[in-house]
Amino acid sequence: MDGEDSEENLELGYSKIIEDFEARVKADPKDAESRFILGSIYEEGENLSQAESMYREVIEMCPEHSVAHFSLAKLLGKKDKLEDALAACKEAIRLNSEEPEFHLLLAAIYDGMENLEEAAEACEKAVKLDPEDAEANFGLGSIYAKLERIESAIQKYKDAIKLEPDYLEAHHNLALAYDAAEDGFNAILHLRITKVLMEAEMDSKEAILEIEEYLTELYEEYDYEPKDFEDSSEETAPQN
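Residues numbered from 1 in each chain as written. Predicted model: local features only at pLDDT ≥ 70, side-chain atom pairs only at ≥ 80, totals over all residues. Heavy atoms only, no water.

Asks: So what's going on with helix α10 (residues 168-180)? Which residues, and what values?
Replies: Given 3.6 residues to a turn, an α-helix orients residues that are three or four positions apart in the same direction. Relative to the 18 Å expected for 13 residues at 1.5 Å per residue, α10 spans 19 Å between its end C-alpha atoms, a close match to the ideal helical length. Those residues of α10 lying buried are L168, A170, H171, N173, L174, A175, A177, Y178 and D179. Positive phi appears at E182, one or two residues downstream of α10, with a value of about 60°. (Helix = DSSP H or I, 4+ residues; strand = E, 2+ residues; numbered from the N terminus. Expected span 1.5 Å × (residues − 1). Buried < 20%, exposed > 50% of the residue type's maximum accessible area, 1.4 Å probe, protein only.)

Asks: Requested: an account of the layout of surface pockets, with residues and values cited.
Replies: Any empty space left between atoms is shown by rolling a water-sized probe over those atoms. Volume-wise, the largest pocket comes out at about 230 Å³. Together, F70, K74, E101, L104, L105, A107, A108, D111, C123, E135, G139 and I143 line the largest pocket. Among the residues making up the lining of the largest pocket, the classes are represented as 7 nonpolar, 1 polar and 4 charged. (1 Å grid on protein atoms, 1.4 Å probe; cavity = no way out; pocket = protein on both sides within 12 Å on 5 of 7 lines; lining within 4 Å. Points joined across faces, edges and corners; volume = space filled by probe spheres on them. Nonpolar A, V, L, I, M, F, W, Y, C, P; charged D, E, K, R; others polar.)

Asks: Describe in detail helix α7 (residues 116-129), supporting the description with residues and values.
Replies: Given a rise of 1.5 Å per residue, 14 residues ought to cover 20 Å, and the 20 Å separating the end C-alpha atoms of α7 matches this to within 8%. Among all positions in α7, only L116, A119, A120, A122, C123, A126 and V127 are buried. Seen along its axis, α7 keeps its buried residues to an arc of 165°; they face one direction. In this structure, α7 carries E121 and K128 as exposed residues pointing more than 90 degrees from its buried face. Close packing links the buried residues of α7 with α6 (100-112), α8 (134-146) and α9 (150-163). (Arc of directions from axis to C-beta. Contact = heavy atoms within 4.5 Å.)

Asks: Before we move on, can you summarise the pattern of salt bridges with the specific residues and values?
Replies: The full count for this structure, using the stated rule, is 12 salt bridges. Among the ionic pairs, R24 bridges to D20, the shortest N-O distance being 3.2 Å. With a gap of 4 residues between them, R24 and D20 both fall in helix α1 (residues 2-27), about one helical turn apart. Residue R24 is classed as partly exposed on the basis of its relative accessible area, which comes to 39%. The residue E57 makes a salt bridge to R35 at a minimum N-O spacing of 2.7 Å. (Salt bridge = Lys/Arg side-chain N within 4 Å of Asp/Glu carboxyl O.)

Written out as structure tokens, the structure reads:
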């Protein structure tokens, strides 16, 4: 019952917040920020049509509201309206070209449209604006991998791991990239790290089994044994 009561209380709290901001919007039709917050609340509750209406109203009232354009672009991406999302994101960037998150969204939209060169350019801009963003470095590595720029992908995955050493997805993708580069030692090394992180962070026996099967394939392909990796680290492993 405690779980049910907690969920019910959350729903009541959510409804109360919506009612509060709907009342603010009704009381002051010119209150753009309350409209924007209400749109964000609608979006969080997966009421995407209502959220889109709020964002569009904010933009109509305040055309220079870059975050509203960005939020609209993100929402349209969720609705798989990529052309409209692209236009909204470009407008957000026109209004504020120094926000890394805007360029990351642009990269994601281009990626979804399979315009990989444009996606890479947008992600490179995001990394340039915030080199310490592990997610941006990882994203750029993933785009490079799709473009088969394997050495560049390896470098960006390594940059992401340097910023966030326990970045599971980065270790996994780095293993794939090293395998594509036929660097078996480092492919196995990072897949082993992936397995350790996965066992600590995930409750998915199926996913772990897939990693174990891939590891077995790599050991056989590159003629290594598990004992060859005792006390190994990326710093001591051979690099390309």
